[in-house]
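Report on the structure
Below, each chain spelled out in residue letters.
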Amino acid sequence: MDDSTIFDKIHEVDLKKTMEESYIDYAMSVIAARALPDVRDGLKPVQRRILHSMVELNNGPDKPHRKCARIVGDTMGKYHPHGDSSIYEALVKLAQEWNTRYPLVDGHGNFGSVDGDGAAAMRYTEARLSKISMEMVADINKDTVDFVPNFDETEKEPVVLPSRYPNLLVNGTTGIAVGMATNIPPHNLREVVNAVVKIIDNRVNEDRETEIEEIMEIIKGPDFPTGASILGTAGINEAYRTGRGKIKVRAVSEIEPMANGKQRIVVTELPYMVNKAKLIQKIAELVKEKKIEGITALRDESSREGMRIVIELRKDCNANIVLNQLYKHTQMQDTFGVIMLALVDGQPMVLNLLEMLGYYIKHQEEVVTRRTKFDLNKAEDRAHILEGLLIALDNIDEVIQIIRSSKSVADAKLALIERFGLSDAQAQAIVDMRLRALTGLEREKLEKEYRELMELIKELKAILADEKLLLGVIKEEILIIATKYGDDRRTSIGIDMDDDITVEDLIPKENVVIAMTKLGYVKRMTINNFKSQNRGGKGIKGMQTIEDDFIENLFMTTTHHYIMFFTNQGRVYRLKTYEIPESGRTARGTAIVNLLQLQPDEVITAVIPIREYHEGRYLIMATKNGMIKKTKITEYANVRKSGLAAITLKEGDELIEVKATNNTKDIILITKQGMCIRFNEKEVRSTGRTSMGVIGMSVAGDDEVIGMQLDTQGEALLIVSENGLGKRTLVEEFTPQHRGGKGVKCYKITDKSGTVVGFKAVNDDNEIMLITNQGIVIRLLCKDISILGRITTGVKLINMDLESDITVASIAKVRQKSADESESLEMMEREMNEADNEEGNVEEPESPEDK
C-alpha cells in the first residue's frame, strides 16, 4: 500500500465549524430533552420516565414498596440511558416533602433531610407511586397521549403524561439548561385548580377570555413546602405578569421572653431550598466574626413535630435588631428568582401565569377528547357485538340448526353472515356464545347492558360535539382532585415595608379593638367579640395570658389609623392598625417586640390612634411625677422603624399618658392617692419634640399620677379603685385652676377600696371595660354606675374576693355606636375623621353628639 492511499483517508475539517455544530447539538439536546419541563405535565424527561417505569412495574400506592435499585434499573435499561445516580437523585427529590409540594413518590427509608443529608443508597431504600401521582398517569392506557419508541426501539414511552392537574405550577421545577434556566415556584393545589375553573367558567358561561387580574385574585402567590413568609406582592405580580420576577421570602420567627429576663428568637419555618445545617453554621460564623453581637446560645431543637432553631440573646440586647441582622446576613431572608420557562411544542418559552394555565387547559382538552373517542370506540364495538347476540337469541332455533348442520366453524360463520346479515365479529361472538346465554336472566342482562351502552354512546358523542360540555368534564374532574388532595396554604404573604405598592388599598376599613398586656402582647379583634353585661357580673374571659400578665390597654380604632406607641422611656414608635395580627378573644396575641424595635427594658405605657398629622393639633404628655409637655403633632409625623425620642425624662420619671388635642381643652390629672387637678392646656407652652416639659401637678411623697383625661371626653369622671369599687363624679365639680398645684380630693381611699387604678371621662351612653390582673374582662354601661360627689368611694363594679390576689389592673372606655354592631363603614369613617380633627380622645373615636 503506497502513501497516497493512506492520505486519501484523512479528511480535513474546519475545527471551528465542527465545534459549533457539536455544541449546538449538545445545547439543543439539553434544552429539549433534559433540563426543561414540558408545559403540559410539568415534568422533565427523567421524571416522566421514572413515573412511567413505576407504572409499568405496577408499583402503585395500593401495592408494596419496591427497591429503588429496581426502579432505577428499569428506568435506565428501558428508557433513560444515562447515569444511575442522576436517575436516583431525581427519584429522591420527587419523594422529599421539603422539596416537592405534593410528592409524586412515596419513599420508604432514609430519603435525606432538610439539613442537606443525602438519601441512603438505592439498594437500601424503597418507593412506590404516591396517590396524587396516579392522577398524573390516569387514563394513560386509553390512547390519551402519544407514545414513541425508546432509545433502542424495543419499548414505547409516553411523550407527555395526561397530568390531570396542573403539575407544572403545583409542584414547580428548577433546571439549568445551556444559555437558559427555569425556576418555577410551587403553588397551592386548591388555588391553581380554582384558577383553571375560573377560566373554564368564563368560557362556558360568559363566552369570554379570562384577564390575568382575575387569576391573580385566586392564586395569591407561591406556596412553598417549607412554609415561610413572602414579603410583599410586587415580586409576585411581576413574575405572574411577565414570567420573571424576584420574590423575597423570609423565615418565620418569634421573639419569646425567657424566665431570667432574657429573650430568644425561635425560628420555625425557613425559606424554600435553604439548608438548615448550613444556615446554623453561617450564624455561628457571623457570631465568631463579631458581625452579629448579642447571641449567647444557638441550637437546633427540630424534631418530628417540626422545625425549631433557638437563638438565645444577651439580656441587654435588642432582639429586633439581631433579627434584622440575621435577615440581612443569612438565608433567613432569601430571594426566589422566578423564571417561568417551559417547553411549548418542544420550544423553550417564558410564559406568564395565564399562558401557562391556557396551555394546560389545551392539553386537557386533547386528553379528554382522546379518552372520550377511545371510550366511544370501545362502547360502539361492544354494542355491535350485543346487537348480533340479541339477533341470535331472537332466532335461536334457526341459529342452532345452522351451527349443527355446518361442517366447520368457518362454514357456520359464513352461513350466519348470509342468513342474518351479520358482521364477521358478530358471527364469531355467536359461535363463541355459551349455552347459559339462552336463560331468561342472561338475556335480560344483555338487553340492560345494551341500553346502558346506547346511553353512554349518546353522552360521549355529545361531549365530542360540544366544547362547553368537554370543558365541563375537565372542570368536574379537576375539582374532585382538588377536594381529594388539596390542603391549606403553608406560605403566608406579609407586607413588605420597603414595597412601593399601596398595601392599604387591599385592607378593608373596619372598626377593631386593640388589646395589649402588661408584658407586651398585642392583638387586634373585631368589636363584636364582647357583649354588654349588667353591673356586678362576673365578666368573660378576655385573653389567655401567661403568669403575672394582664391586659393593660384596650381601645377601639379602625384598621387604617396609625397607632403610636409611647414608652416609659419617652420614645415613640408607630404602626398601622392592620399591621397588628388579628386574633380571637381568648388568644394571647403577638409579643410587641415582634412588631416594634424596642430598646432593652422599654415598656409601652401609652397608645394613641391617629388618622393624619394636621397643623394646629398637639400631643399632650403626662409623666408619673406630674410633668406635662405639649408639642405640635406634626413633629411626630416621620417616625422611624427604630423609634423616635418623644420627651426627655428626669431620672426615676416615666411617661404614663399621651393625648391628641387642639389647644382648647382642659387637662385633668388624677393620682393614685385620689388627688385631682384640672387646668387649661393653654397654661402649658408648646415645646420641641425632645424637651422635658413643665410641672403640671405637685405630687406628694410616694404618690404618683395614674392618668390624664380631657374635659371634652365626657361629662363625668369614672374613677375605679383596685378592689373593684368605682363611681362617677361630674367634671363640673372640679374647678379649673393653674397648673403646678396639688389639686383637690376626688376619691375617698379606704381599706376596702384600695388605691385608684384608673379613671376615664365618660358619658351615659359610653361603656367601660374593667380588666383584672388575671385577664378577666367585664364590660359595663356607664349609666348603670352611680353619680356621686368628689369625696366618696363608690359602688361595687365587679365581684372580687378580697382574700385573693385578684385586683383591677386597668380600665378602658368603649362606646357602642348603635344597637346594630354592623353599622355602615361610611358613617364610622366620617365619625373617625371628625374625631381626629376635633376631638382629643385616646381610647376611641367619639361621635359629634358627644361634644
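Residues numbered from 1 in each chain as written. Predicted model: local features only at pLDDT ≥ 70, side-chain atom pairs only at ≥ 80, totals over all residues. Heavy atoms only, no water.

Turning next to the overall build of the protein. Summing up its helical and strand segments, the protein has 19 helices and 41 strands in all. Considering the protein as a whole, with its 851 residues, one finds that 50% of them fall into the buried category. The long-range fraction of contacts in the protein, counting pairs at least 24 apart against all pairs at least 6 apart in sequence, stands at 73%. As displayed, the protein offers around 39,400 Å² of accessible surface, 49% of which is attributable to carbon and sulfur atoms. (Helix = DSSP H or I, 4+ residues; strand = E, 2+ residues; numbered from the N terminus. Buried < 20%, exposed > 50% of the residue type's maximum accessible area, 1.4 Å probe, protein only. Contact = heavy atoms within 4.5 Å. Areas by Shrake-Rupley, 256 points an atom, 1.4 Å probe, with all protein chains shown as cover.)

The UniProt feature table records "coiled-coil region" (unreviewed entry) at residues 443–470. Secondary structure across residues 443–470 divides into 96% helix and 0% strand, with the first and last C-alpha atoms of the span separated by 35 Å. (UniProt positions renumbered as here; feature names shortened; annotations may be inferred.)

With that out of the way, let us pick up the sheet that holds strand β1 (residues 66–67). As a general point, the strands of a sheet are linked pairwise by backbone hydrogen bonds and lie either parallel or antiparallel. Read across the sheet, three strands follow the order β1-β3-β2 without closing on themselves; strand pairing throughout is antiparallel. Across the chains shown, the open sheet's two edge strands, defined by having one partner strand only, are β1 and β2 (105–108). The pairing of β1 with strand β3 (residues 126–129) spans two bridges and is classified as antiparallel. Each bridged residue has a counterpart across the sheet, and for K67 the counterpart in β3 is E126. (Pairing = 2+ DSSP bridges.)

Before going further, it helps to spend a moment on the packing of helix α13 (residues 353–394) against helix α17 (residues 440–465). Direction vectors running N to C along α13 and α17 enclose 150 degrees, while the axes themselves pass 9 Å from each other. Regarding the angle of α13 to α17, the classification is roughly antiparallel. Here α13 runs over α17; the crossing is left-handed. Broken down by class, the residue content of the contact of α13 with α17 amounts to 16 nonpolar, two polar and 10 charged. (Axes fitted to C-alpha atoms, helices over the stretch in contact; angles between N-to-C directions. Parallel < 35°, antiparallel > 145°, perpendicular 65-115°, else oblique. Left-handed = near helix turned anticlockwise from the far one by under 90°. Nonpolar A, V, L, I, M, F, W, Y, C, P; charged D, E, K, R; others polar.)

Of all six residues in strand β34 (residues 716–721), six are buried; the element is thus mostly enclosed. Burial of β34 is two-sided: the residues A716, L718 and V720 facing one way and the residues L717, I719 and S721 facing the other way are all buried. Direction of pairing for β34 relative to strand β35 (residues 725–730): antiparallel, over a ladder of five bridges. Paired with L717 across the two strands is T729, which belongs to β35. Connecting the antiparallel pair β34 and β35 is a turn made up of three residues, with G724 showing a positive phi of about 90 degrees. Of the strand pairs in this sheet, β34 and strand β37 (residues 756–762) are connected by six bridges, and their pairing is antiparallel. In the strand pairing of β37, I719 is matched with F759.

Right, let's get into the confidence of the model for the protein. Residues of the protein with pLDDT of at least 70 account for 90%, and the chain-wide mean is 87. Ranking the elements of the protein by mean pLDDT puts helix α19 (residues 825–838) last with 43 and β3 first with 98. In this model, residues 815–851 is a region of pLDDT below 50 whose contacts with residues beyond four sequence positions or in other chains number 94 contacts. (pLDDT = per-residue confidence, 0-100.)

For the rest of this paragraph, the subject is helix α18 (residues 467–485). The terminal C-alpha atoms of α18 lie 27 Å apart, and with 19 residues this matches the ideal 27 Å at 1.5 Å per residue to within 8%. Of all the positions in α18, only L470, L471, V473, I474, I478, I481, A482 and Y485 are classed as buried. Buried residues in α18, looked at end-on, bunch into an arc of 165 degrees, giving them a common side. Exposed side of α18, more than 90 degrees from the buried face: E476, T483 and K484 are the residues found there. Contact partners of the buried residues in α18: α6 (133–136), α8 (189–206), α13 and α17. N-cap assignment for α18: the residue whose side-chain oxygen lies 2.9 Å from the backbone N of K468 is D466. (Expected span 1.5 Å × (residues − 1). Arc of directions from axis to C-beta. Polar contact = N/O pair within 3.5 Å; in protein donor to acceptor, adjacent residues only side chain to side chain.)

With that settled, consider the sheet that holds strand β33 (residues 705–710). Here four strands make up an open sheet; going across it, the order is β33-β30-β31-β36 and the pairing antiparallel. Edge positions in the sheet fall to β33 and β36 (744–745), since each has one partner strand and no second. Here strand β30 (residues 666–671) pairs with β33 via five bridges, running antiparallel. Directly across from I667, in β33, lies its bridge partner L710.

The next thing to look at is the pairing of strand β22 (residues 562–567). The buried fraction of β22 amounts to five of the six residues, a majority that puts the element mostly inside the structure. Sheet analysis places β22 next to strand β25 (residues 604–610), joined by six bridges and oriented antiparallel. Bridge assignment links I563 to a residue of β25, and that residue is P609. Bridge count between β22 and strand β23 (residues 571–576): five bridges; the pairing is antiparallel. Note on β23: the bridge partner recorded for Y562 is K576.

The set of residues buried in helix α10 (residues 234–242) consists of G235, I236, A239 and Y240. Each buried residue of α10 lies within a common arc of 125 degrees when the element is viewed along its axis, so the set occupies one face. Structurally, α10 contributes buried residues whose contacts are with α9 (212–218), β8 (229–231), β9 (244–250), β14 (333–339), α13 and β17 (492–494). G243 sits one or two positions beyond α10 and adopts a positive phi of about 90 degrees.

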